[in-house]
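What follows is each chain in one-letter form.
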Amino acid sequence: MSVTLTAQDQLTLRIAGWGAVSLMSAAGAATSAHKAATEGSIALTSAIGLTGHVLAKAPKGVKYGRTTATLADVVLPALTASMTLLKQQAPEEADNFRRTILVSVEAAQQGRPDPTTTEMARKITEALDAA
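Residues numbered from 1 in each chain as written. Predicted model: local features only at pLDDT ≥ 70, side-chain atom pairs only at ≥ 80, totals over all residues. Heavy atoms only, no water.

Visitor: With reference to specific residues and values, describe the pattern of salt bridges.
Guide: A full pass over the atoms with the stated rule returns three salt bridges. Between Glu126 and Arg122 there is a salt bridge whose closest N-O contact spans 2.3 Å. Taken together, the residues span about one helical turn, with Glu126 and Arg122 both in helix α6 (residues 115-129) at a distance of four residues. When salt bridges that share partners are traced, they join Glu119, Arg122 and Glu126 into one network. (Salt bridge = Lys/Arg side-chain N within 4 Å of Asp/Glu carboxyl O. Helix = DSSP H or I, 4+ residues; strand = E, 2+ residues; numbered from the N terminus.)

Below, the structure written as structure tokens:
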């Protein structure tokens, strides 16, 4: 792990990762928001490399708001910013971060994708790919 990220960079990655799980949890509320959050969180904390070190801790003191739309307003740009940051500072980690987020999204669907979680997964993927 030769790259050193600033505290702000790490916060951006954490908001992106943990926020993506929160978005999937909100989208999966009809089935089980708690199970979605648990499965997605396990995937995040199972990451390795720089991504794993950064995502091992959830962001502290972040106010996401009270609605899914407000949460998305914070998280989706953070996903794009994270990919941009990693492509510039740690290109070898950009793929690892992207895959980690997508695995956490898939895990949050708990093998039972429905239209709501599928659409949220699409929005998360688009945000990752916008960088």
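Visitor: Which residues make up the packing of helix α2 (residues 33-45) against helix α5 (residues 91-108), and what are the values?
Guide: Contact pair α2 / α5: the axes reach a minimum separation of 7 Å and the direction vectors enclose 155°. Here α2 lies roughly antiparallel to α5, going by the angle between them. The chirality of how α2 crosses α5 is right-handed. Side by side, α2 and α5 meet where Ala36, Glu39, Gly40, Ala43 and Leu44 of the first sit next to Thr100, Ile101, Val103, Ser104, Ala107 and Ala108 of the second. Of the residues assigned to the contact of α2 with α5, the class counts are seven nonpolar, three polar and one charged. (Axes fitted to C-alpha atoms, helices over the stretch in contact; angles between N-to-C directions. Parallel < 35°, antiparallel > 145°, perpendicular 65-115°, else oblique. Left-handed = near helix turned anticlockwise from the far one by under 90°. Contact = heavy atoms within 4.5 Å. Nonpolar A, V, L, I, M, F, W, Y, C, P; charged D, E, K, R; others polar.)

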